Amino acid sequence: MSSLKDRLRADLTSAMKARDKDRAGTLRMVLASITEAEVAGKEAKELTDDEIITILTREAKKRREAATAFAEGGRTEQAAKETAEAAVITEYLPAQLSAEEISDLVSKAIAQTGAAEEGMRAMGKVMGILTPQTKGRADGGAVAAEVRKQLG
């Protein structure tokens, strides 16, 4: 069993003992998403920490998008709840890259692929190199925006 999944379960137990309903509810939802991913497909499998990080990233992104939508709709209570859930999930993700670090990684990837001459047509090559390096550590949209900026 993955150590991240063990940590999530242990933290769920701690949250339940502390009667922290919000944290416990969020951790339950995350663990349900992980279990769902494990049993999806033809046969059940045990997820690795990297696969769990992918699920956590997706769940955190859903919460951030929902919080934005609720805030725009004037539902501040619901937006605050979604933001709090995103914060709990983010605790289990690797440290996020800063804008400068993303910019440096993009510059190195462009130099490595020789994409500067090809322009925007080389975006796929550059993203192919960057995606594994930034997985779970940076929003894909932010990375793609930086690649567009530097190639265009």
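Keep in mind it's a predicted model, so treat the numbers as computed, not measured. (Residues numbered from 1 in each chain as written. Predicted model: local features only at pLDDT ≥ 70, side-chain atom pairs only at ≥ 80, totals over all residues. Heavy atoms only, no water.)

**Some words on the pattern of salt bridges**
Considering all chains together, one arrives at eleven salt bridges under this definition. Its salt-bridge partner being Lys5, residue Glu46 comes within 4.0 Å of it at the nearest N-O pair. With Glu46 in the loop between α2 (21-39) and α3 (49-72) and Lys5 in helix α1 (residues 3-17), this pair connects stretches of sequence that are 41 residues apart. Accessibility expressed as a relative area gives 46% for Glu46, which makes it partly exposed. Given a relative accessible area of 3%, Lys5 falls into the buried group. Close ionic contact of Glu85 with Arg63 constitutes a salt bridge, the shortest N to O distance being 2.8 Å. Of this pair, Glu85 sits in helix α4 (residues 76-90) while Arg63 is found in helix α3, placing the two residues 22 residues apart along the sequence. A single burial state applies to Glu85 and to Arg63, both of which are buried. A network of salt bridges, in which partner residues are shared, links Glu59, Lys62, Arg63, Lys81, Glu82 and Glu85. (Salt bridge = Lys/Arg side-chain N within 4 Å of Asp/Glu carboxyl O. Helix = DSSP H or I, 4+ residues; strand = E, 2+ residues; numbered from the N terminus. Buried < 20%, exposed > 50% of the residue type's maximum accessible area, 1.4 Å probe, protein only.)

**A short note on unusual backbone geometry**
With phi around 60 degrees, Arg19 is a residue other than glycine that occupies positive phi space. Topologically, Arg19 is positioned in the loop between α1 and α2. Residue Arg19 is classed as exposed on the basis of its relative accessible area, which comes to 72%.

**Considering the nonpolar core**
By size, the foremost hydrophobic cluster in this structure holds 19 residues, and its most contacted members are Leu8, Ile34, Ile52, Leu56 and Tyr92. Listing elements by their share of this core, those giving two or more residues are α1, α2, α3 and α4. (Core = buried A, V, L, I, M, F, W, Y, C linked by side-chain atoms within 4.5 Å.)

**Considering the packing of helix α5 (residues 99-113) against helix α7 (residues 140-151)**
Running from amino to carboxyl end, α5 crosses α7 at an angle of 55 degrees, the nearest separation of the two axes being 10 Å. When the interaxial angle is binned, α5 and α7 end up oblique. Considering the relative orientation of α5 and α7, their crossing is right-handed. Residues Ile102, Ser103, Val106, Ser107 and Ile110 of α5 lie in contact with α7, whose contacting residues are Val143, Glu146, Val147, Gln150 and Leu151. Residue composition of the contact of α5 with α7, by class: six nonpolar, three polar and one charged. (Axes fitted to C-alpha atoms, helices over the stretch in contact; angles between N-to-C directions. Parallel < 35°, antiparallel > 145°, perpendicular 65-115°, else oblique. Left-handed = near helix turned anticlockwise from the far one by under 90°. Contact = heavy atoms within 4.5 Å. Nonpolar A, V, L, I, M, F, W, Y, C, P; charged D, E, K, R; others polar.)

**Digging into the environment of Gly140**
By the element assignment, Gly140 lies in helix α7. For Gly140, a relative accessible area of 42% corresponds to the partly exposed category. Counting along the chain gives ten residues from Gly140 to Leu130, while the straight-line C-alpha distance between them is 9.4 Å.

**Details of the side chain of Glu59**
Along the polypeptide, Glu59 turns up in helix α3. Here Glu59 is in contact with Ser33 and Ile89, once residues within four sequence places are set aside.

**Examining the packing of α2 against α3**
Taken N-terminus to C-terminus, the directions of α2 and α3 make an angle of 130 degrees; their axes are 10 Å apart at the nearest point. For the element pair α2 / α3, the angle class is oblique. Seen from above, α2 lies across α3 with right-handed handedness. Two secondary-structure elements touch here, α2 through Met29, Val30, Ser33, Ile34 and Ala37 and α3 through Ile52, Ile55, Leu56, Glu59 and Arg63.

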